[in-house]
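Residue-level structural notes
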Amino acid sequence: MSENLSETRPNTPSLDAFWMPFTANRQFKASPRMLVSAEGMHYTADDGRRILDGTAGLWCVNAGHGRRGIAEAVAHQLERLDFAPTFQMGHPIAFDFAERLAAIAPGGPEAGLDRVFLTNSGSESVDTALKIALAYQRAIGQGTRTRLIGRERGYHGVGFGGISVGGIVTNRRAFPQLPGADHLRHTHDPARNAFAKGQPEHGADLADDLERLVQLHGAETIAACIVEPVAGSTGVLIPPRGYLERLREICTRHGILLIFDEVITGFGRLGTPFATDFFGVVPDLVTTAKGITNGTVPMGAVFARRAVHDALMQGPDGIELFHGYTYSGHPVACAAGIATLDIYAREGLLTRAAELAGDWASAMHDLRARAHVSDIRTIGLVAGIELTPRPDAPGKRAYEVFTDCFRRGLLIRVTGDIIALSPPLIVERDEIREMAEIVGAAIDRVA
Ligand code: PMP
């Protein structure tokens, strides 16, 4: 089949060898969608069509595509120092980058989340944060705290730690889990909160689920609780008012570390540098990736409270966190990261979503009257549009909207029967309207 495709599509390579992530190869090969270049808000497909990027790649290209400053910084760094280890060695750009990150750390200077562990992805950031939490509890004499709490419908990447605290059944089913992991209920309650703009009113009490797990397992067994402030991959689930505050209070009362997974919300998605700033709730650890380099070079970072970091530096040999990656602080990724932060600062992109959030919410909520739309959720520059599933084929309706949008020149993302939109933060108002129009037309057609 791939040979036939190559005949009809001159730029299409054989589609056999690449084992695609989270993708049914056979389905993809039947109608491949290939992106060959990108600039600003648009991709170009292999048939020459311009595709408006409604998803910032995969929630990561916050400053838009083809940023020259990043390309130049990467090229320069490759020539100057292509690689150097950070195990018992250092190179200046890793320290520079960590300091730049610390200067904009979640929660601002008072929060003290200014110790930065560098990784290469969101999954690595999550597993790093979970390990830091476990090592910290041990270091302060709380070694019985080995249990990790996540949440239903949470997505924390694909490491064994991440799938254990994650709440997506298909990601967990075939694999063993970390012992003792348990889950809070998710916060999605369409019966009470459908079509809420921003944070839903009802459901702060769902945080009391953590109190229930404390009573069930004993606080002395629980090391940390991890949540996405806004759950992205499972359909844009926005925390009810007061929910995160309550989680924080319960964690503090019981000596449980609170981890915010900001792999999606980090770097301006909500109109503040981090969701921690948006909600005004300060966790003990924050995981990031994606927008940290504008999606250009794989990288992630874990921000840790200084007290957590310092507790792990007290041991006799000064190493209590036996953990790290060959590419922690990779010089090329750091160069991309610094150039990215420069662009964010120069163009005000970490707060731009706040300026556009009103127009964004109106454009998206205008889709409310379309057929099969059962809920719309918006916050910052992210939206989830939920369709009523077809009883005979759950997920099919949204998937058809996705393929129809692509045909019309818009890249969206779907998960189950939920459409997710999260454009680059450089998006203009007319492009927001264009996205809503295309999604509306696609929903109409599928209906
Ligand atoms: N955590 C969250 C909240 C995410 O959204 C993602 C990726 N979408 C990850 C972790 C995993 O990141 P990666 O794919 O870079 O490993």
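Residues numbered from 1 in each chain as written. Predicted model: local features only at pLDDT ≥ 70, side-chain atom pairs only at ≥ 80, totals over all residues.

In the annotation of an unreviewed UniProt entry, the entry for the chain reads Beta-alanine--pyruvate aminotransferase, and the organism field reads Methylobacterium hispanicum. According to its UniProt record, the chain has this under Sequence similarities (unreviewed entry): "Belongs to the class-III pyridoxal-phosphate-dependent aminotransferase family." Turning to the chain, the UniProt record has this under Cofactor (unreviewed entry): "pyridoxal 5'-phosphate". (UniProt positions renumbered as here; feature names shortened; annotations may be inferred.)

1. A look at the overall build of the chain
For the chain, the helix and strand inventory stands at 18 helices and 15 strands. For 447 residues, the compact-globule estimate of 2.2 N^0.38 gives 22 Å, and the C-alpha radius of gyration of the chain, at 22 Å, lies within 12% of that figure. In the chain, which comprises 447 residues, the proportion classed as buried is 49%. Within the chain, contacts between residues separated by at least 24 positions form 71% of all contacts whose residues are at least 6 apart in sequence. (Helix = DSSP H or I, 4+ residues; strand = E, 2+ residues; numbered from the N terminus. Rg over C-alpha atoms; globule rule 2.2 N^0.38 Å. Buried ≥ 20, exposed ≤ 12 C-beta atoms within 10 Å, placed from the backbone. Contact = placed C-beta atoms within 7 Å.)

2. Digging into the packing of helix α4 (residues 68-80) against helix α15 (residues 331-346)
Where α4 meets α15, the axes come as close as 8 Å, and the angle between the chain directions of the two elements is 150°. One element, α4, and the other, α15, form an angle in the roughly antiparallel class. The chirality of how α4 crosses α15 is right-handed. Counted together, Gly69, Ile70, Ala73, Val74, His76, Gln77 and Leu78 of α4 and Pro331, Val332, Ala335, Ala336, Ile338, Ala339, Thr340, Asp342 and Ile343 of α15 form the full contact between these two elements. (Axes fitted to C-alpha atoms, helices over the stretch in contact; angles between N-to-C directions. Parallel < 35°, antiparallel > 145°, perpendicular 65-115°, else oblique. Left-handed = near helix turned anticlockwise from the far one by under 90°.)

3. Side note on the sheet that holds strand β3 (residues 50-53)
Spatially, β1-β2-β3-β13 is the arrangement adopted by the 4 strands of the open sheet, whose pairing is mixed. A single partner strand is all that each edge strand has here, and the edge strands are β1 (35-39) and β13 (410-411). (Pairing = 2+ DSSP bridges.)

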